[in-house]
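Summary of structural features
Here is what each chain is made of, one letter per residue.
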Amino acid sequence: MLNQNESWNSIIIIWQELPFKKMRIIILTIALVLVSCTTYSDEEIQEFDEQIEVYLKKQKLSYSRSEDGLYYRIENAGKGRKIQYNDSVLITYKGSLLDGKIVDYQKTPIWFAVKDLISGWKQGLTMVSKEAELKLIVPPQLGYGDHELESIPINSILIYELKVFDIH
C-alpha cells in the first residue's frame, strides 16, 4: 500500500505524462467535480423539502420555491440590472439554522464574487439587483452539503437574510 507522499508522487508522474494541456484541464475539471459535489437521493431532497415546509408552516411564512429547491422571498428587488454570475456584490448577511441559531453574521458590507458562492446564494442573488433585500432558505444540496464547518453541521438547512449594496 502506498503512503500519502507516494500517492501524490504517482499522481504527479501521471499528470506530467499527459500529452496535451487540454487533456490535463479536462481531467482536472472532472476530478474537481467528482471531489466537490455531494449528490443526494430524491428521497433525501424530499425530506429536506418537507423540513422546510414544516418550518414555513410553523412560522406562518410564505416563500417561493425554485425548481432546484431554493426557497426565497424577495423583500426588495432593488434597482437597475440584475446581478450576473460573473459580478461581485457588496453585501451584508445573517445566516441561521432552522432552530434559530445564528451561524454567521456579517454586519459590515463585504465583497464576494458571485461565482464563488454556494449555489443557493448564486441563484438568489441573480434574481435581484443593486439595493435588493432577500431571504433564502437553502437546503443542503444548494448549500454546504455534507461538509461540516465550524458552526454549520453536516446537511444543514440554512436561512439567510441578504442585503445587496453594490454590484461590480
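Here, every reference points to the structure presented above.
Overview of the structure. (Residues numbered from 1 in each chain as written. Predicted model: local features only at pLDDT ≥ 70, side-chain atom pairs only at ≥ 80, totals over all residues. Heavy atoms only, no water.)

Focus: the pairing of strand 4 (residues 88-97)
Summarising burial for strand 4: 8 of the 10 residues are buried, a large majority. In terms of strand pairing, strand 4 meets strand 5 (residues 102-113) through 8 bridges, oriented antiparallel. Bridging from a neighbouring strand, Gly-95 pairs with Asp-104 of strand 5. Judged from the 9 bridges that link them, strand 4 and strand 8 (residues 158-167) form a sheet pairing that is antiparallel. What sits directly across from Lys-94, in strand 8, is Glu-161. (Buried < 20%, exposed > 50% of the residue type's maximum accessible area, 1.4 Å probe, protein only. Helix = DSSP H or I, 4+ residues; strand = E, 2+ residues; numbered from the N terminus. Pairing = 2+ DSSP bridges.)

Focus on the sheet that holds strand 4
An order of 1-2-7-8-4-5 is seen for the 6 strands of this open sheet, with the pairing classed as antiparallel. Each edge of the open sheet carries a strand with a single partner, namely strand 1 (64-65) and strand 5. Strand direction decides the pairing type here: strand 2 (residues 71-76) and strand 7 (residues 133-138), joined by 5 bridges, are antiparallel. Counterpart to Ile-74 in the pairing with strand 7 is Leu-134. Set on the sheet, helix 3 (residues 42-59) makes contact with strand 1, strand 2, strand 7 and strand 8; between it and strand 2 the angle comes to about 40°. (Contact = heavy atoms within 4.5 Å. Axes fitted to C-alpha atoms, helices over the stretch in contact; angles between N-to-C directions.)

Examining the side chain of Asp-87
In this fold, Asp-87 is placed in the loop between strand 3 (79-82) and strand 4. Side chain to side chain, Asp-87 and Arg-81 meet in a polar contact 2.7 Å long. A distance of 2.7 Å separates a polar side-chain atom of Asp-87 from the backbone nitrogen of Gln-84. Sequence-distant contacts of Asp-87, defined by excluding residues within four places in its chain, comprise Arg-81, Lys-82, Phe-112, Ala-113, Val-114, Ile-167 and His-168. (Polar contact = N/O pair within 3.5 Å; in protein donor to acceptor, adjacent residues only side chain to side chain.)

So, the pattern of salt bridges
Counted according to the given criterion, the structure contains 5 salt bridges. Of the charged contacts in the structure, one is a salt bridge between Arg-73 and Glu-75, with a shortest N-O distance of 2.5 Å. Of the residues examined, Arg-73 reaches a relative accessible area of 22% and is grouped as partly exposed. A relative accessible area of 43% means that Glu-75 is categorised as partly exposed. Close ionic contact of Asp-166 with Lys-130 constitutes a salt bridge, the shortest N to O distance being 3.6 Å. (Salt bridge = Lys/Arg side-chain N within 4 Å of Asp/Glu carboxyl O.)

Observations regarding the packing of aromatic side chains
Counted by the stated rule, this structure contains 5 aromatic pairs. Ring plane angle 75° and centroid distance 5.0 Å describe the contact between Tyr-93 and Trp-121, whose orientation is recorded as edge-to-face. Taken together, the positions of Tyr-93 in strand 4 and Trp-121 in helix 4 (residues 119-125) put the pair 28 residues apart, joining distant regions of the chain. Among the residues examined, Tyr-93 registers a relative accessible area of 9% and is labelled buried. What makes Trp-121 buried here is its relative accessible area of 5%. Measuring from centroid to centroid gives 5.0 Å for Trp-121 and Tyr-160, while their planes differ by 90°, and the two rings are edge-to-face. Pair noted here: Trp-121 is in helix 4 and Tyr-160 is in strand 8, with a separation of 39 residues, a long-range link. Neither Trp-121 nor Tyr-160 differs from the other in exposure class; each is buried. Here the aromatic residues Tyr-93, Phe-112, Trp-121 and Tyr-160 are joined through ring pairs into a cluster of three or more. Sitting over the face of the ring of Tyr-105, Lys-94 holds its NZ or CZ atom 5.8 Å from the ring centroid. (Phe/Tyr/Trp six-rings, centres within 6.5 Å; stacked < 30°, edge-to-face > 60°. Lys NZ or Arg CZ within 6 Å of the ring centre and 35° of its normal.)

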